[in-house]
Amino acid sequence: MNIGILGGGQLARMLAQAGRPLGQNFMFLSPDIPSCAAPYGEHLQARYDDETALQRLAQWADVVTYEFENVPAPSIQFLEARVRVHPSSSALEVSKNRVREKTEFQHLGIATAEFAAVDSAASLTEAVARIGFPAILKTQTEGYDGKGQVVLRSAEDVAGAWQALDTVPCILEAMVSFDRELSIIAVRCATGAKVFYPLSENYHRNGILRLSLSRPGDPMQAAAEALITRLLDHLDFVGVLTLELFQVGDRLLANEIAPRVHNSGHWTIEGAATSQFENHLHAVTGQPLGDTGISADSAMVNIIGTLPNHIQSQVPGAHLHSYDKAERQGRKIGHLTLVSNDPATLREQTARCLRWVGESDLASRLSDGKTPVRVS
Ligand code: AMP
């Protein structure tokens, strides 16, 4: 089967790594060279709105999917008129805009942080008066990995904040003093059948994910599954959907959705019977969904900026995934997965990996057995 993917980064690469053994072929449309997915298929180097390239992808592929939500919705609609595309452009449009997304959450009875749309300096002042400090101003579209966000702690931070985000439409959100950050990853196929992975407990620094821990048997699992089920069915979603959550006490607040495989689910490659990547491919190609069961606990440590040397000899048992991307500050260039049935071993190995990638503070807190770990 021929699978077209919009995007040629690490998520496209890991989708293809999962699909090649299933006999699937891949074509990636992306403007970026080099593309780290390219070794696993054909790379069409073109803009996402290049109709000639989209046409070629549509002709070649049996089904098209995408690796990130910043692809233009009109391109997905162009493809939908010519070839099967999952997830749909309507699901994509919800996830592309933070105001639209949070409004949809509200309609579905899913709690969020307090928020207000901001499209001028005056509306920011009004929103701050209502929401108070601390708050976080984010661009409505295009932001990822903490980009396009400004934290407002006092009145001095307000002047110039909107200008700092290029005066584009924004959202002001109350800063949630969460106990934990969690994500739930689910897969739905066209028949409506769904499977869920165990929750991931996530640790960010500067808006970038550093560590995810699988949490089988977590007390919040059922509540998270109930929330994402509402979204999956409402959007008639096909593929992997991720819902990022803040836990405050025993409440869950939705932060955002990603209509795609997600960084917090990379541990499923080694840690689950069927990875999120393989299950996404099963869903979009109309195959039965695979077992999301696990036989041990997992941790995933992101490698950001530079690839540390000899990690596997330092931490035996660590599974290294290098994305073959050039080293650059703040860029995700790989990850490490650790899997163990013994919590103490897993914690110790994960802490060693965290130290190796420069996350010493998080490593120390983890070694001290302090999870959930509050990270500033
Ligand atoms: P986002 O791009 O919305 O996923 O934000 C990246 C990270 O910033 C989140 O995973 C949180 O760690 C933090 N963050 C974003 N929004 C909020 C919020 N309203 N309250 C507290 N932390 C937040």
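One can find the structure itself at the top, above this paragraph.
This is a predicted model, so every value here is computed, not measured.

A.B. asks: Before we go on, may I ask you to explain the nonpolar core in this structure?
C.D. replies: Soluble globular proteins tend to bury their nonpolar side chains together. Formed by 30 residues in total, the largest nonpolar core has its most connected members in I5, F26, F28, V187 and F277. Examining the composition of this core, we find that six residues originate from one element, helix α1 (residues 10-19), more than from any other. The residue makeup of this core includes at least three contributed by each of domain 1 (2-85) and domain 3 (180-367). Residues within four places of I5 in sequence aside, it is in contact with A12, L15, F26, M27, F28, L29, L57, T65, Y66 and E67.

A.B. asks: Before we go on, may I ask you to explain the sheet that holds strand β8 (residues 149-152) in this structure?
C.D. replies: Strand-to-strand pairing in sheets goes through backbone hydrogen bonds, with the strands running parallel or antiparallel. Pairing within the open sheet is antiparallel, and its four strands lie in the order β6-β9-β7-β8. Here the strands that pair on one side only, and so sit at the sheet edges, are β6 (115-118) and β8. In this sheet, adjacent strand axes meet at a mean angle of 20° when their direction is disregarded. Pairing of strand β7 (residues 135-139) with strand β9 (residues 170-174) involves five bridges; the strand directions are antiparallel. Its bridge partner lying in β9, L137 is registered against L172. In this fold helix α5 (residues 98-107) packs onto β6, β7, β8 and β9, with an angle of close to 50° to the strand it touches most, β9. Contacts from helix α6 (residues 121-131) reach β6, β7, β8 and β9, with the element oriented near 170° to β6.

A.B. asks: How should I be thinking about the site of the ligand in this particular structure?
C.D. replies: The immediate surroundings of the ligand are formed by 16 residues, with K138, Q149, V176, E181 and E256 found nearest. A distance of 3.3 Å is found between an oxygen atom of the ligand and a side-chain nitrogen or oxygen belonging to E244. For the ligand, an oxygen atom lies 3.2 Å from a polar atom in the side chain of N255. Across the complex, the protein chains shield 92% of the 480 Å² of accessible surface that the ligand would expose by itself. Among the residues making up the shell around the ligand, the classes are represented as six nonpolar, four polar and six charged. Here the shell around the ligand spans two domains, since at least three of its residues come from each of domain 2 (114-174) and domain 3 (180-367).

A.B. asks: Would you take a moment to explain helix α3 (residues 73-80) for this structure?
C.D. replies: Think of an α-helix as 3.6 residues a turn; residues three or four steps apart then line up on the same face. All of the buried residues in α3 are A73, S75, I76, F78 and L79. Contact partners of the buried residues in α3: β1 (2-6), α2 (51-60), β4 (63-66), β5 (84-85) and α4 (89-96).

Conventions and cut-offs
- Residues numbered from 1 in each chain as written.
- Predicted model: local features only at pLDDT ≥ 70, side-chain atom pairs only at ≥ 80, totals over all residues.
- Heavy atoms only, no water.
- Core = buried A, V, L, I, M, F, W, Y, C linked by side-chain atoms within 4.5 Å.
- Buried < 20%, exposed > 50% of the residue type's maximum accessible area, 1.4 Å probe, protein only.
- Helix = DSSP H or I, 4+ residues; strand = E, 2+ residues; numbered from the N terminus.
- Domains from an automatic or database assignment.
- Contact = heavy atoms within 4.5 Å.
- Pairing = 2+ DSSP bridges.
- Axes fitted to C-alpha atoms, helices over the stretch in contact; angles between N-to-C directions.
- Near = heavy atom within 4 Å.
- Polar contact = N/O pair within 3.5 Å; in protein donor to acceptor, adjacent residues only side chain to side chain.
- Areas by Shrake-Rupley, 256 points an atom, 1.4 Å probe, with all protein chains shown as cover.
- Nonpolar A, V, L, I, M, F, W, Y, C, P; charged D, E, K, R; others polar.

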